[in-house]
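# A look at the structure
Below, each chain spelled out in residue letters.
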Amino acid sequence: IRFLKQTANNDEIEVPKVVASFGHRWGAAFPIAGEHFANKQAQTYPSRSFISCGDYFGKLSGRIEGAYLSGVAAATQLLDSI
């Protein structure tokens, strides 16, 4: 980030031209979560030492914010269990 700030207003630095670009969304980019997953931020299976989380859970299903909140919930559940 420091480098970006230093170069942002520096006209002496030549930035190469973009010659090609593309975007891609994976097939599961828009999950349709069932009611079970929409009401949970993460799923804990203590007997199996497993926690499931991701953008599939919660009210913000399919969004990066939902994945973040689900990860925080999973971490909280893990910490609460130890």
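Structural data are supplied above this passage.
The present account deals with the structure reproduced in this document. Source: prediction; values computed, not measured. Counting from 1, residues in each chain are numbered in the order their sequence is written. A pLDDT threshold of at least 70 governs which residues receive local features in this predicted model, and a stricter bar of 80 or more applies before side-chain atom pairs are shown or counted, although totals over entire chains, interfaces and linings include all residues. Remark: hydrogens and water are excluded; side-chain values derive from all non-hydrogen atoms of the structure.

This part takes up the pattern of salt bridges. Any Lys or Arg side-chain nitrogen found within 4 Å of a carboxyl oxygen on Asp or Glu counts as a salt bridge. Evaluation of the coordinates by the stated rule reveals 1 salt bridge. Taking the shortest distance from any N to any O, the salt bridge between E65 and R63 comes out at 3.3 Å. Residue classification places E65 among the partly exposed positions, given a relative accessible area of 37%. The classification of residues rests on relative accessible area computed with a 1.4 Å probe and restricted to protein chains. Under 20% of the type maximum is buried, over 50% is exposed, and intermediate values are partly exposed.

Here we take up the environment of A38. Helix and strand definitions follow DSSP, with helices as H or I runs of at least four residues and strands as E runs of at least two, each counted in order from the N terminus. With respect to the secondary-structure elements, A38 resides in helix 2 (residues 35-38). Separated by 21 residues in sequence, A38 and K59 place their C-alpha atoms 5.4 Å apart. For A38, the contacting residues outside a window of four places in its chain are G58 and K59. Any pair of residues with heavy atoms lying within 4.5 Å of one another is described as a contacting pair.

The end-to-end C-alpha distance of helix 3 (residues 64-81) is 26 Å, a good match for the 26 Å that 18 residues give at a rise of 1.5 Å each. Turning to helix 3, its buried residues are G66, S70, A73 and A74. What you see down the axis of helix 3 is that its buried residues fit within an arc of 100 degrees, all on one side. Exposed residues on helix 3 whose side chains face more than 90 degrees from its buried face are I64, Y68 and L79. Among the structural elements, strand 2 (50-52) are those in contact with the buried residues of helix 3. Multiplying 1.5 Å by the residue count of a helix minus one yields the expected span of that helix. Of all possible arcs, the one meant is that of the directions from the helix axis to the C-beta atoms.

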